[in-house]
Amino acid sequence: MKFPGRRRHKHYFPVEAKDPLTNQLNATERLQRSYITGIDQIVVDIEAKVDQAFLDEFQLRRGMSQVIDSDITNALYDRLKLNDMVDFEFAGGTIGNTMHNYSVLADDRSVLLGVMSENIKIGSYAYRFLCNTSSRVDLNYLQPVDGPIGRCFTLIDETGERTFAISAGLMNHLRPESIDKNLIENSSALVISAYLMRTQGSETMTEATMQAVKYANDAGVPVVLTLGTKFLIEQDPTWWANFVEKHVDILAMNEEEGLAITGFEDPLLAADKALDWVDLVICTAGEKGLFMAGYVDENLKRETEYPLLPGAIPDFNRYEFSRAMRKTECDKPIRAYSHTAPFMGGPDSIKNTNGAGDCALAAVLHDLSANVYHKLNVANSAKHQQQAITYSSLSQISKYANRASYEVLVQHSPRLSRGLPEREDCLEQVYWEQ
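Parameters and conventions
Residues numbered from 1 in each chain as written. Predicted model: local features only at pLDDT ≥ 70, side-chain atom pairs only at ≥ 80, totals over all residues. Heavy atoms only, no water. Helix = DSSP H or I, 4+ residues; strand = E, 2+ residues; numbered from the N terminus. Buried < 20%, exposed > 50% of the residue type's maximum accessible area, 1.4 Å probe, protein only. Contact = heavy atoms within 4.5 Å. Areas by Shrake-Rupley, 256 points an atom, 1.4 Å probe, with all protein chains shown as cover. Pairing = 2+ DSSP bridges. Axes fitted to C-alpha atoms, helices over the stretch in contact; angles between N-to-C directions. Polar contact = N/O pair within 3.5 Å; in protein donor to acceptor, adjacent residues only side chain to side chain.

S.K.: Where do I start with the overall build of the protein chain in this structure?
M.R.: Helix and strand counts for the protein chain come out as 13 helices and 16 strands. Taken across its 434 residues, the protein chain has 58% of its residues classed as buried. Intrachain contacts of the protein chain at a sequence separation of at least 6 include 75% that bridge at least 24 residues. Carbon and sulfur atoms make up 46% of the accessible area of the protein chain, which amounts to about 19,300 Å² in all.

Set out below in structure tokens:
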């Protein structure tokens, strides 16, 4: 796919094919690179198919995400191994998946912050995490710990319902002093998840995350929050709404999480409500596709060339050809929305829904980073006369995110193993060229 970012083939915006009349970049200077930084609980995902009796045996609540102690973790894992029930073991974590997929899509650097076992044995969980993470993901800033990283069991029953059991290990022991201020301030975005706020006792992950968020807020770096699970948000939606309004610039959620934090079941209305707090919203809605909502200045809005869509907000996609902006940088801010149905109508057989939303977010982050990359190297481009936070329109980003998430739905791993093709054999060209 042609899209801004580092590629072996020619760039979509060819900053290296310089025109002396329009680009005053010194040919002897190296191009400046943009990158994304994310903070995560470093975990390995273990997937298995179980029945209700198995869940009852280990006192796990069906369909929920819950933390389990080390004794239950060891017994659970031993039972799965003994009965040969483990289907897959992958490097995981919401933000870890997002950083990996971003680096695969962009073929460029991302930085992951968290903890890693200081002593790593071949075949261990830490070893599996490193082996299954893109070499483009910079792991040099991980904080070493004397102990195990986390394990997340994804237990799937006969109805397809997923129950998550998380063994924390030392994954929540990232310390505030391990957060590099300069790293955060020079990022294109800081990506965090709601899971990072679920700590207890001596765990310091929440404190470290808030330190990074403060650095980002003070430097004007966009803070991107993915909500992760509706059950966590439902515990205190008011607190989360206040947190998002105070600290977050871009919000990623699915329709269930949107309902939990906004009270609106309709994903479009949930995205609209979230715009009261943030500048850009990504809401995945399963078979309904993907919704995006953002702000654009009245004088810079661009009307769609597609048919206007009905919905809870009539003709809501009228300005979907607009590039998203921060509300504070608009003289007369108006709201713009976009919707894209699932790529190719969705896969014939869905092998995995875990990580599809993370991959969609990775595509959106690629666009944000591409905008920063282009601005760093072609600052005098007419494209940057508009103070946009995205390189492409809401419509194009939505298509890209849908296409990327499709790749996760048709495979078992939540992580991409390769980038998207530049040309689609199975895809009508009008999908991208419209």
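After that view, the rundown keeps rolling.
S.K.: Which parts of the structure should I look at to understand the environment of C131?
M.R.: Among the structural elements, C131 can be located in helix α4 (residues 125-131). Taking C-alpha positions, C131 is 9.4 Å from F90, a pair spaced 41 residues apart along the chain.

S.K.: Can you walk me through the sheet that holds strand β1 (residues 36-39) in this structure?
M.R.: Pairing between the strands of a sheet is mediated by backbone hydrogen bonds and can be parallel or antiparallel. Ordered by their spatial adjacency, nine strands build an open sheet running β7-β5-β1-β11-β12-β13-β14-β15-β16, and the pairing between neighbours is mixed. Only two strands of the sheet have a single neighbouring strand rather than two, namely β7 (137-138) and β16 (333-340). Sheet topology places β1 next to strand β11 (residues 189-193); three bridges connect them, and they run parallel. Within β11, the position partnered with T37 by the bridge is L190. Helix α3 (residues 94-106) rests against β1, β5 (110-113), β7, β11 and β12 (223-226) of the sheet, and its axis sits at about 165 degrees to β5. On the sheet, helix α11 (residues 356-377) packs against β1, β11, β12, β13 (250-254), β14 (280-284) and β15 (290-297) and is oriented at approximately 155 degrees with respect to β14.

S.K.: I tried to follow the sheet that holds strand β2 (residues 43-49) on my own but got confused; where do I start?
M.R.: Reading across from one edge, β3-β10-β9-β2-β4 is the order of the five strands in this open sheet, with mixed pairing throughout. Strand pairing shows two members of the sheet lacking a second neighbour, β3 (65-68) and β4 (86-91), which therefore form its edges. Strand-to-strand twist across the sheet, computed as the mean angle between neighbouring axes with direction ignored, equals 20 degrees. Pairing geometry for β2 and strand β9 (residues 150-156), over seven bridges, is parallel.

S.K.: Hey, could you run me through the side chain of S110 in this one?
M.R.: With respect to the secondary-structure elements, S110 resides in strand β5. For S110, a relative accessible area of 0% gives the class buried. Within the structure, S110 has its side chain in polar contact with the side chain of S103 (distance 2.8 Å). The contacts of S110, once residues within four sequence positions are left out, are I36, M99, Y102, S103, R136, V137 and D138.

The analysis is restricted to geometry; functional conclusions fall outside its scope.
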